[in-house]
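The lines below spell out each chain.
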Amino acid sequence: MKMRSHMCGQITLAEVGQEVTLAGWVQRRRDHGGLIFVDLRDRSGIIQIVFSPDVNEEAFHLAEKLRNEYVVRVVGTVMQRPAGLFNPNISTGDIEIYVEKLEVLNASKLPPFFPDEASGVDESVRLRYRYLDLRRPEMQENLKLRHEVTKTIRNFLDRKGFWEIETPILTKSSPEGARDYLVPSRIYPGKFFALPQSPQLFKQLLMVSGIDKYFQIARCFRDEDLRADRQPEFTQIDLEASFITRDEIIDLMEEMVSEVFDKTKGIKLLTPFPRLTYQEAMDRFGTDRPDLRFGIELVDVSDLVVNTNFKVFSEVVAKGGQVKGINAKDCAKFTRKEIDELTKQVSEYGAKGLAWIAVNEDGVRSPIAKFFSEETISAICERMSANPGDLLLFVADKPSVVAASLGYLRVEIAKRLGLIIPDRFKFCWVVDFPLFEYDEEEKRFVAMHHPFTSPMDEDIELFDSDPGKMRAKAYDLILNGVELGGGSIRIHRRDIQEKMFKTIGISAEEAQDKFGYLLEAFDFGAPPHGGIAFGLDRFIMLLAQRDSIRDVIAFPKTQSSACLLTKAPSEVEPKQLKELHIKTEIGANNRLQEKK
RNA sequence: GGCCCGGUAGCUCAGUCGGUUAGAGCGCCUGCCUGUCACGCAGGAGGCCGAGGGUUCGAGUCCCUUCCGGGUCGCCA
């Protein structure tokens, strides 16, 4: 005897006349006194079941007690609906079940919200009762999509000869990169494991092991502040291959991403994806992850304004800064208030001001026009392809501030102009990243990607003379302004790796202490290798067209890294702390003791 | 760590210049109802205004502190 014979959404006209057994949740009850309709829901969909005293008196009276979210099992006959009573809103709208037997498997308290109205409910309530939130078809679709994407990727990589291999979750803390989550060791007092920020070093060791091609759907942990697209634990599609070039990896990944889009969404992507160098991306879009769904590129006008009377511009250029602008098409109608608003927004990126020129049919409107000759203004307009109706926005500062400010502005303007089309997918690769960036706070170079990234062969000689100029064999895959994945060809020689550590200020002793096992492995015949890691959560978020990765993770954490469902993190028993040789400063264990 | 937005009924929100008894929609409960599908009709219940302190004759409203949620910069691939 089976619990059920069909899923609710599976039943069609073909089953009319059959007796079926269904189980699911009461989505809604419509009680007409002498006739009761219930929408029965399971993962597959909704079907209307009908209780009538003419069919079964006992079931009918039991149905009067049903409430939303009760779990029931019904036995009944599939009937075609009478003419004119078709419900076009559900896939089973042309049939219904006449119930002969009703069994309440479990009652439900009144839930804080119903699955069919959850989209407007505050996210904290949804997270607290995540199991109710996940009853929503919309959320189930996201989880299903996630399943299908990982399944497609597993099949693809398997076909290409990659082996799925697990790497440790309890591992060694390392300097560089994000803050580690630590796990105290009971057996080694005062010592700690760290949760992996990524399987980076293990996958490199697998290459040294001769595995040749590895992948993993890997959970990663980073103890940093959160965003809509960042969780403290997240999932990477992580892969690595030996004897492979950058272009081979790029080709392979384009094929993989195309297959995922095709199989899960039926979208055919055009390959190869465009490639931009890091410098080009920064120059044209002000960011290393440009959204290519719209134009509005940054234009450098430094040379046009360096010798003008507008000191704000000329002095910045003279001091080695730059003046760049964007053309906000048809935005000349922006009010002072709107421009002030934009000015305030770019100030968050360090811009000290936002200069503007509104181009009209009969000339320009601009607080800075009086500083420029007519020739200068027309030269600026020409270079920025300005037409009447356009608004030119300028930021003058050091290059990093100009890029950040205008990079933000071009997206903001595109949003306001409705240029961002949600269901368009514009990929690009960004390549030729700098190997290092200078950390002003720590007064040293840090690895831009990570310290295991290989420099370009022709840049290796710059290690001693000008590390800031070195470029990396690194590449990022960008989709609609979101960094989807990043990887590199790695260092596989001990001498290069040691130079790398030295350049970022890691002493030989520290390198030995933290990464000795990797350096040692390089001594035993490490093959050239490289790989890439994709942010699976972001990938699904973009495919599902959601704004937050929380919507594609079954049990995500809040912005302050808490789980509202389990109330983690939480205090632990004093005994547990004692076993771990840990004393906390805030005396959490004392409070626990007092409660007992 | 900084900045911004929010927290009022189960849910979504309104609440004017500080004023007397804090409202709406949905939901919920009870009754009626044999073709609804956001069923309908009638009636009813439901509030620590996030918490603490202050100003005031009087605070949901003003001030301070704090907690929680979201966004963002820093941070983080």
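Engineer: In this structure, what is going on with the overall build of chain A? I would like to understand it.
Structural biologist: Within chain A, the regular secondary structure consists of 18 helices and 22 strands. Of all 596 residues assigned to chain A, the portion counted as buried reaches 49%. Once local pairs closer than 6 in sequence are excluded, the contacts in chain A between residues at least 24 apart make up 68%. Split by element, the accessible area of chain A, about 30,100 Å² in all, is 51% carbon and sulfur. Averaging the positions of the 82 positive and the 93 negative side-chain charges in chain A gives two centres separated by 4 Å.

Engineer: When you look at the protein's contact with RNA strand B in this model, what are you seeing that I'm missing?
Structural biologist: If you check the shell around RNA strand B, you find 49 residues, and the closest are Arg28, Asp31, Asp122, Arg222 and Ser560. Per the 4 Å cut-off to the protein, sugar and phosphate atoms form 52% of the nearby atoms of RNA strand B. Here Tyr349 contributes a side-chain N or O atom positioned 3.3 Å from a phosphate oxygen of RNA strand B. Thr558 has a polar side-chain atom sitting 3.0 Å from a phosphate oxygen of RNA strand B. Put simply, the parts of the chain that give the surface near RNA strand B at least two residues each are strand E1 (19–31), strand E5 (95–106) and helix H2 (123–128). For the surface near RNA strand B, the leading source of residues is E1, giving 3 residues.

Engineer: Looking at this model, I keep getting lost on the side chain of Gln27. Mind explaining?
Structural biologist: Position of Gln27 relative to the elements: it lies in strand E1. For Gln27, a relative accessible area of 11% gives the class buried. Discounting chain neighbours no more than four positions away, the residues touching Gln27 are Asp39, Arg41, Ile46, Asn68 and Asp116.

Engineer: Even after reading the chapter, I still don't get helix H5 (residues 200–208), so can you show me in this structure?
Structural biologist: Judged by how many residues are buried, H5 sits mostly within the fold: 7 of 9 residues are covered. Where H5 is buried, its residues contact strand E9 (213–221), strand E10 (233–242), helix H15 (508–522) and strand E22 (529–535). One or two residues past the end of H5 sits Gly210, with phi positive at roughly 80°.

Engineer: I would appreciate a short explanation of the sheet that holds strand E21 (residues 482–489) in the present structure.
Structural biologist: Within a sheet, adjacent strands bond to each other through the backbone by hydrogen bonds, running parallel or antiparallel. A sheet is described by the order of its strands in space; here 8 strands give the open sequence E6-E9-E10-E22-E21-E20-E17-E11, paired in mixed fashion. Edge strands, defined here as strands with exactly one partner in the open sheet, are strand E6 (163–164) and strand E11 (275–277). Of the pairings in the sheet, the one linking E11 to strand E17 (residues 427–431) comprises 3 bridges and is parallel in character. The residue bridging Thr277 from the neighbouring strand is Val431, located in E17. Lying over the sheet, helix H4 (residues 137–159) contacts E6, E9 and E10, oriented at roughly 150° with respect to E9.

Engineer: What should I look at first to understand the packing of helix H14 (residues 494–503) against H15 in this one?
Structural biologist: The description of two helices packed together rests on the angle between their axes and the distance between the axes. For the pair H14 and H15, the least separation of the axes is 10 Å and the interaxial angle reads 160°. If you check the angle between H14 and H15, you find them roughly antiparallel. With respect to the hand of their crossing, H14 and H15 are arranged in right-handed fashion. Taken together, the residues of H15 that come into contact with H14 (itself represented by Arg494, Gln497, Glu498 and Phe501) are Ala511, Gln512, Phe515, Leu518, Leu519, Glu520 and Phe522. For the contact of H14 with H15, the residue count by class is 6 nonpolar, 2 polar and 3 charged.

Engineer: Where do I start with the pattern of salt bridges in this structure?
Structural biologist: Any two side chains of opposite charge can pair, so long as their charged atoms come close to each other. Counted under the stated rule, the structure contains 52 salt bridges. With a shortest N-O distance of 3.1 Å, Arg275 and Asp247 are connected by a salt bridge. One end of the pair, Arg275, is in strand E11; the other, Asp247, is in helix H6 (residues 246–265), and 28 residues separate them in sequence. With a shortest N-O distance of 2.9 Å, Lys473 and Asp457 are connected by a salt bridge. Residue Lys473 is located in the loop between helix H13 (462–465) and strand E20 (474–479), and its partner Asp457 is located in the loop between strand E19 (444–447) and H13; the two are separated by 16 residues in the primary sequence. Through salt bridges with shared partners, a single network forms among Arg126, Arg130, Asp133, Arg136, Glu138, Arg546 and Asp551.

Engineer: Can you help me understand a positive patch on the surface in this one?
Structural biologist: A cluster of like positive charges, contributed by Arg4, Arg43, Lys144 and Lys151, occupies part of the molecular surface. Mapping Lys144 onto the fold places it in helix H4.

Engineer: Please clarify how the pairing of E10 should be interpreted in this entry.
Structural biologist: Within a regular strand, the side chains alternate between the two sheet faces. Summarising burial for E10: 9 of the 10 residues are buried, a large majority. The pairing of E9 with E10 spans 9 bridges and is classified as antiparallel. For Phe215, the partnering residue across the bridge sits in E10 and is Leu239. Pairing geometry for E10 and E22, over 7 bridges, is antiparallel. Bridged to Gln236 within E22 is Gly535.

Engineer: What am I meant to see in the environment of Thr287 here?
Structural biologist: Relative to the helices and strands, Thr287 is located in the loop between helix H7 (278–285) and strand E12 (299–300). Sequence separation between Thr287 and Tyr408 is 121 residues; the distance between their C-alpha atoms is 8.6 Å. The contacts of Thr287, once residues within four sequence positions are left out, are Ala281 and Met282. Polar contacts involving the side chain of Thr287 include one to the main-chain amide nitrogen of Arg289, which spans 3.0 Å.

Engineer: Where do I start with the packing of aromatic side chains in this structure?
Structural biologist: Aromatic ring pairs are defined here through the distance separating the ring centres and the angle between the ring planes. Under the defined criterion, the tally for this structure stands at 20 aromatic pairs. Between Phe261 and Phe425, the aromatic rings sit 4.9 Å apart at their centres with planes inclined by 75°, giving edge-to-face as the arrangement. Taken as a pair, Phe261 in helix H6 and Phe425 in the loop between helix H12 (399–416) and E17 lie far apart in primary sequence, 164 residues in all. Judged by relative accessible area, Phe261 falls into the buried class, the value being 0%. Considering the side-chain rings of Tyr438 and Phe445, the 5.3 Å spacing of their centres and the 80° angle between planes classify their relative orientation as edge-to-face. Linked through ring pairs, Phe261, Phe273, Phe425, Phe427, Phe534 and Phe539 together constitute an aromatic cluster.

Engineer: How should I be thinking about the pairing of E20 in this particular structure?
Structural biologist: Counting buried residues in E20 gives 6 out of 6 residues, a clear majority hidden from the surface. Two strands pair when backbone bridges link them, and E17 and E20 are joined in this way by 5 bridges, in the antiparallel orientation. Paired with Trp429 across the strands is Leu477, a residue of E20. Two elements, E20 and E21, share 6 bridges in a ladder whose sense is antiparallel. Bridge pairing links Ile478 to Glu483 in E21. Two successive antiparallel strands, E20 and E21, enclose a turn made up of 2 residues, where Asn480 displays a positive phi of approximately 50°.

Engineer: Quick question: what am I supposed to make of unusual backbone geometry here?
Structural biologist: A negative phi angle is the norm for most residues apart from glycine, just as the trans form is the norm for most peptide bonds. Of the consecutive residues Thr271 and Pro272, the connecting peptide bond is found in the cis state with omega at -5°. For the peptide bond that leads from Ala568 to Pro569, omega is 0°, which places it in the cis range. Within the secondary structure, Pro569 is located in the loop between helix H16 (536–543) and helix H17 (574–579). Its identity is not glycine, yet Glu176 carries a phi of approximately 75°, on the positive side.

Thresholds, definitions, all that
Residues numbered from 1 in each chain as written. Chains lettered and ligands numbered in written order. Predicted model: local features only at pLDDT ≥ 70, side-chain atom pairs only at ≥ 80, totals over all residues. Heavy atoms only, no water. Helix = DSSP H or I, 4+ residues; strand = E, 2+ residues; numbered from the N terminus. Buried < 20%, exposed > 50% of the residue type's maximum accessible area, 1.4 Å probe, protein only. Contact = heavy atoms within 4.5 Å. Areas by Shrake-Rupley, 256 points an atom, 1.4 Å probe, with all protein chains shown as cover. Lys, Arg positive; Asp, Glu negative; His and termini not counted. Charge placed at Lys NZ, Arg CZ, Asp CG, Glu CD. Near = heavy atom within 4 Å. Polar contact = N/O pair within 3.5 Å; in protein donor to acceptor, adjacent residues only side chain to side chain. Pairing = 2+ DSSP bridges. Axes fitted to C-alpha atoms, helices over the stretch in contact; angles between N-to-C directions. Parallel < 35°, antiparallel > 145°, perpendicular 65-115°, else oblique. Left-handed = near helix turned anticlockwise from the far one by under 90°. Nonpolar A, V, L, I, M, F, W, Y, C, P; charged D, E, K, R; others polar. Salt bridge = Lys/Arg side-chain N within 4 Å of Asp/Glu carboxyl O. Patch = residues over 30% accessible without salt bridge, like charges linked within 9 Å, V, L, I, M, F, W, Y side chains within 5 Å. Phe/Tyr/Trp six-rings, centres within 6.5 Å; stacked < 30°, edge-to-face > 60°.

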